[in-house]
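# Structural overview for review
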Amino acid sequence: QKEVEQNSGPLSVPEGAIASLNCTYSDRGSQSFFWYRQYSGKSPELIMSIYSNGDKEDGRFTAQLNKASQYVSLLIRDSQPSDSATYLCAVNMRNTPLVFGKGTRLSVIA
Amino acid sequence: KAGVTQTPRYLIKTRGQQVTLSCSPISGHRSVSWYQQTPGQGLQFLFEYFSETQRNKGNFPGRFSGRQFSNSRSEMNVSTLELGDSALYLCASSPFDPSNYGYTFGSGTRLTVV
């Protein structure tokens, strides 16, 4: 069973705080991991990719990967109300280019 | 650079009918995938096409089919529509392998079956 699991939320954080979004996956052979952001009524947009264990930073976003624990996370520093959206974790798996989690809804409170 | 274009944006169909959705990928992108998105199931993979060949297929019934043309444009067809087929259908393109490059999504086609 190919699975990507995320807490559905909502995750509420105050403006300026760090938002931490988590994702676990079932396939030990997975090699590539992506985070997408989806605003209500819009399509998903790619915000981060990570392929190696450790941290990858891009502006206010940091992706963290631990393949041994089959765990990937996304940190959003200095959260803004405009970050309020659903965040989707996507993982490559055998015979499926990308398997998506159901997403975590983030709400940043001003 | 134009994004991924999906047409139509909205469709209302009756049970038992069939429907064809269209997708034009970003210029130069050769991989096109289709996903179904519903509130309960999230994004579910339908199929992926590369160079006019189906490269991967998800776990959907045979009523769901697709194809890709030589210019990389893709269509998906759903025959004998059921109420449960009501969903947002998203097309996504990638330069070569989505596992390496990720996807760019189109705006989607919202299908309502009544």
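From a predicted model like this one, the values you see are computed outputs, not experimental measurements.

Reading guide: rules and limits
- Residues numbered from 1 in each chain as written.
- Chains lettered and ligands numbered in written order.
- Predicted model: local features only at pLDDT ≥ 70, side-chain atom pairs only at ≥ 80, totals over all residues.
- Heavy atoms only, no water.
- Phe/Tyr/Trp six-rings, centres within 6.5 Å; stacked < 30°, edge-to-face > 60°.
- Helix = DSSP H or I, 4+ residues; strand = E, 2+ residues; numbered from the N terminus.
- Buried < 20%, exposed > 50% of the residue type's maximum accessible area, 1.4 Å probe, protein only.
- Contact = heavy atoms within 4.5 Å.
- Buried area = accessible area lost by both parts, 1.4 Å probe.
- Salt bridge = Lys/Arg side-chain N within 4 Å of Asp/Glu carboxyl O.
- Polar contact = N/O pair within 3.5 Å; in protein donor to acceptor, adjacent residues only side chain to side chain.
- Nonpolar A, V, L, I, M, F, W, Y, C, P; charged D, E, K, R; others polar.

### Side note on the packing of aromatic side chains
All names here are of chain A. Under the defined criterion, the tally for this structure stands at 13 aromatic pairs over all chains. For the pair F34 and Y51, a centre-to-centre distance of 6.0 Å together with 90 degrees between the ring planes defines the contact as edge-to-face. Here F34, found in strand β4 (residues 33–38), pairs with Y51, found in the loop between β5 (45–50) and β6 (54–58); they are 17 residues apart in sequence, far enough to count as distant. For F34, a relative accessible area of 0% corresponds to the buried category. An angle of 55 degrees between the planes, with centres 5.4 Å apart, marks the rings of Y36 and F100 as tilted.

### Quick look at the interface of chain A and chain B
With 16 residues of chain A in contact, the opposing surface of chain B contributes 20 residues. For the pair chain A and chain B, the summed buried area comes to about 1,400 Å², and 55% of that belongs to carbon and sulfur atoms. Ranking the residues of chain A by area buried against chain B places A:P97, A:F100 and A:K102 at the top, with a combined share of 36%. Where chain A packs against chain B, one counts 0 salt bridges. Counting across the chain A and chain B interface gives 8 residue pairs in polar contact (both at pLDDT 80 or more). Only β4, β9 (85–93) and β10 (96–100) of chain A provide two or more residues apiece to the side of chain A that touches chain B. Take the side of chain A that touches chain B: its biggest share by element is 4 residues, from β10(A). Split into classes, the residues belonging to the side of chain A that touches chain B amount to 9 nonpolar, 6 polar and 1 charged.

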